[in-house]
Amino acid sequence: MSFLSQFFVYGILAVSLTLISGAIPLLNRWKDDHLHGFVSFSAGVLIAIAFVYMLPETMEHLPADKAGLCILGSFLLLFIIEKFVMLHPCEESHCNYHTVGLTAFFGMLTHTFFDGLILGASLLVPHLAPLVFFGIMAHKIPSSFALGSILRKAGWPSVKIILFLLVFGSVIPAGAFTSHYLLESVQGPGVGIAFALSLGTFLYISTSDFLPEVHRAHNRRFHNLVFFLIGIVVMVALKQVAHH
């Protein structure tokens, strides 16, 4: 199969799966209590992705010191963007989701572009591309669910969320197209840097934006903790299935 054929197939699948999984939290039957559980589940998903998926791949392609600098750099970049660039009129704790939604979107958009870069590089090795795509979508589907949950919790209208999800999914083929012509192989520091930067964005989003939801709503703390742990278990299980 030619590059353009693979690019078209993987691009359509990526956008479609992103839209479907991200739209699930928008269904009217989900109440606010359900969204607390969804966001807690998403926190577990993102934490597990960072440590179980991204960290091992990063260490395979980069020395520990360079990997650490890239992870720290992307973590600090998101912090600076949230605190000093994304100015908003609502600073009180009761409406913090307004800024969380934007931060999560741009942070996860950055991560998704790096996913696309990795996918594009893998297209240079035909037998590797399906495995890489499966690995990307194994965490992109719950990530889209997480994004839909947090934007819904922020009070965004459904039409706007769908448009943002469309952009979110489209970044994967855009990154794939870019990297296919920039990288000469799937090995080397370029892929390692992409993984490291992705890891930093996921660590920031999960610890700064999503994880606090586990501590919120004191009367539902145990409920949120259970969903958080389920998110971790699901992603670890998916990793084991993909490995075998």
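Residues numbered from 1 in each chain as written. Predicted model: local features only at pLDDT ≥ 70, side-chain atom pairs only at ≥ 80, totals over all residues. Heavy atoms only, no water.

## As for the overall build of the chain
Quick reminder of the rule: Put simply, DSSP marks the helices as runs of H or I at least four residues long and the strands as runs of E at least two long, and each gets a number from the N terminus on. Exposure is judged per residue with a 1.4 Å probe applied to protein chains only, and the accessible area is read against the type maximum: over 50% gives exposed, under 20% gives buried, and values in between give partly exposed. Between two residues, a contact is recorded if the distance between any of their heavy atoms is within 4.5 Å. Note on areas: these come from Shrake-Rupley sampling with a 1.4 Å probe, and a residue is covered only by the protein chains present in the view.
The number of helices and strands found in the chain is nine helices and zero strands. In sequence order, the chain lays out its α and β elements as α-α-α-α-α-α-α-α-α. Going through the 244 residues of the chain one by one, you find that 50% of them count as buried. Long-range contacts, defined as pairs at least 24 residues apart, comprise 86% of the intrachain contacts of the chain with a sequence gap of at least 6. When the accessible surface of the chain is totalled, it reaches about 11,600 Å², and 72% of it is carbon and sulfur.

## Quick look at the confidence of the model for the chain
Condition: In predicted models, pLDDT denotes the confidence assigned by the predictor to each residue on a 0 to 100 scale.
Of all residues in the chain, 75% have pLDDT values of 70 or greater, and the mean over the chain is 76. This stretch, residues 86-99, has a pLDDT under 50; its non-local contacts, to residues over four places away or in other chains, come to 16 contacts.

## Here's the deal with the side chain of threonine 18
Position of threonine 18 relative to the elements: it lies in helix α1 (residues 3-23). Apart from residues no more than four positions distant in its own chain, threonine 18 is found in contact with Met137, Lys140, Ser144, Leu165, Phe168 and Gly169.

## Brief notes about helix α6 (residues 158-180)
To be explicit about the condition: Here a helix's expected span is defined as the number of its residues, less one, multiplied by 1.5 Å.
Taking 1.5 Å of rise per residue, the 23 residues of α6 would be expected to cover 33 Å, and the 34 Å separating its terminal C-alpha atoms lies within 8% of that figure. Among all positions in α6, only Ile161, Leu165, Phe168, Gly169, Val171, Ile172, Pro173, Gly175, Ala176, Ser179 and His180 are buried.

## Here we look at the nonpolar core
Side chains that are nonpolar tend, in soluble globular proteins, to be buried together. The line we're drawing: In this description, a nonpolar core means a group of buried Ala, Val, Leu, Ile, Met, Phe, Trp, Tyr and Cys residues linked to one another through side-chain atoms lying within 4.5 Å.
Grouped together as the largest cluster of nonpolar side chains are 55 residues, with contacts concentrated most on Ile49, Leu119, Leu147 and Phe210. Elements with a minimum of two residues in this core: α1, α2 (32-61), α3 (64-85), α4 (97-122), α5 (129-153), α6, α7 (189-210) and α9 (221-243). Counting residues per element, this core draws most heavily on α2, which supplies eleven residues. Aside from chain neighbours lying at most four places away, what touches leucine 119 is Tyr10, Ala129, Val132, Phe133, Ile136, Ile172 and Ala176.

## Focus: the environment of isoleucine 49
By secondary structure assignment, the location of isoleucine 49 is in helix α2. It is 9.0 Å that separates the C-alpha atoms of isoleucine 49 and leucine 203, two residues lying 154 residues apart in sequence.

## Brief notes about a nonpolar patch on the surface
Heads up, the condition is: Patch building starts from residues that exceed 30% relative accessible area and form no salt bridge, then joins like charges within 9 Å and nonpolar side chains (Val, Leu, Ile, Met, Phe, Trp, Tyr) within 5 Å. Think of a salt bridge as a Lys or Arg side-chain nitrogen and an Asp or Glu carboxyl oxygen that are within 4 Å of each other.
A cluster of nonpolar side chains, contributed by Phe222, Leu225, Val226, Leu229, Ile230 and Val234, occupies part of the molecular surface with about 500 Å² of accessible area. If you trace the backbone, isoleucine 230 turns up in helix α9. You can call isoleucine 230 partly exposed: its relative accessible area is 38%.

## Quick word on the packing of aromatic side chains
Any aromatic ring pair is given by two values, namely how distant the centres are and how the planes are angled relative to each other. What counts, and what does not: For this analysis, a ring pair means two rings from Phe, Tyr or Trp (six-membered ring only for Trp) whose centres lie within 6.5 Å, classed as stacked if their planes differ by under 30 degrees, edge-to-face if by over 60, and tilted for the remaining angles.
All told, the structure shown has five aromatic pairs when counted by the stated rule. Pairing phenylalanine 41 with phenylalanine 145 gives two aromatic rings, centres 6.4 Å apart and planes at 90°, and the pair type is edge-to-face. Taken together, the residues span a long stretch of sequence, with phenylalanine 41 in helix α2 and phenylalanine 145 in helix α5 at a distance of 104 residues. We note that phenylalanine 41, like phenylalanine 145, is buried.

## What to know about the side chain of serine 74
With respect to the helices and strands, serine 74 occurs in helix α3. A residue is classified by how much of its surface remains accessible, and serine 74, at 6% relative accessible area, is buried. Discounting chain neighbours no more than four positions away, the residues touching serine 74 are Ala196, Leu197, Gly200 and Thr201.

## What about the environment of glycine 175?
Its location among the elements puts glycine 175 in helix α6. With a relative accessible area of 0%, glycine 175 lands in the buried category. Residue contacts for glycine 175: discarding those within four places in its chain leaves Phe113, Gly116 and Leu117.

## Notes on the environment of proline 189
Along the chain, the position of proline 189 falls in helix α7. Sequence-wise, proline 189 and histidine 61 are 128 residues apart; in three dimensions their C-alpha atoms are separated by 5.9 Å. In this structure proline 189 touches His61 and Leu62, once residues within four positions along its chain are discounted.

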